[in-house]
Structures are given as C-alpha cells and as structure tokens.
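Residue-level structural notes
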Amino acid sequence: MARVKWSERPRTHRGAIIGAFPGMAVAAVVVFQYAFYGSTLDRYLIMMAGLLIGGAAGALIAKMTAPRT
C-alpha cells in the first residue's frame, strides 16, 4: 500500500485520526476509574468505545468546520 501524505488525506480522515487521541485519553481515565479490577474484556471494550467515539467526533467536527464549496 502506498504511503499517503498527511496533507493529501481527506479532511474527515485527518479529523478522525486527531479525534481518536482525546477519545482514547478519556477512555483510559474511565478504565482506571471504573474497570481497574474488571476483566480484560471490560477494559478492551471501554478503550474501543473511546477510539470509535473519538474518531467519529473528530470526523464530524472536521466535516462541520470544512469551508463551503
């Protein structure tokens, strides 16, 4: 697969990648607060939810703030 430059990626993809970082950060805090003694599956599900929600929020923000054409 060819490597794509950051500036050549679609705006929504860049927003999703950037949004995944805060989503995972929030999920890590939630894991330590509520699932510290839980199973690995519990932690995995919380982290995946953070990744997906953060990515979707980032893509949505990038789409909403895009200049009108």
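Heads up: these notes are all about the structure in this document. Throughout this document, residue positions are counted from 1 along each chain, in the order its sequence is written. In view of the model being predicted, local features appear only for residues whose pLDDT reaches at least 70, and side-chain atom pairs are presented and counted only at 80 or more, with totals across whole chains, interfaces and linings using the full set of residues. Values reported for side chains reflect all heavy atoms of the structure, with hydrogen atoms and water molecules removed beforehand.

1. Quick word on the packing of aromatic side chains
Centre-to-centre distance and the angle between the planes together describe a pair of aromatic rings. Each pair of aromatic rings taken from Phe, Tyr and Trp, with Trp reduced to its six-membered ring, is defined by centres within 6.5 Å and is described as stacked if the planes are under 30 degrees apart, edge-to-face if over 60, and tilted in the remaining cases. A complete count under the given rule lists two aromatic pairs for this structure. When the centroid spacing of 6.1 Å and the interplanar angle of 35° are considered together, the rings of F32 and F36 count as tilted. A relative accessible area of 56% places F32 in the exposed class. Three exposure classes are used, based on accessible area relative to the maximum for each residue type with a 1.4 Å probe and protein chains only: buried under 20%, partly exposed in between, and exposed over 50%. On the basis of relative accessible area, F36 is assigned to the partly exposed category, the value being 43%. Ring plane angle 85° and centroid distance 5.0 Å describe the contact between F36 and Y37, whose orientation is recorded as edge-to-face. Within the aromatic cluster, the residues linked to one another by ring pairs are F32, F36 and Y37.

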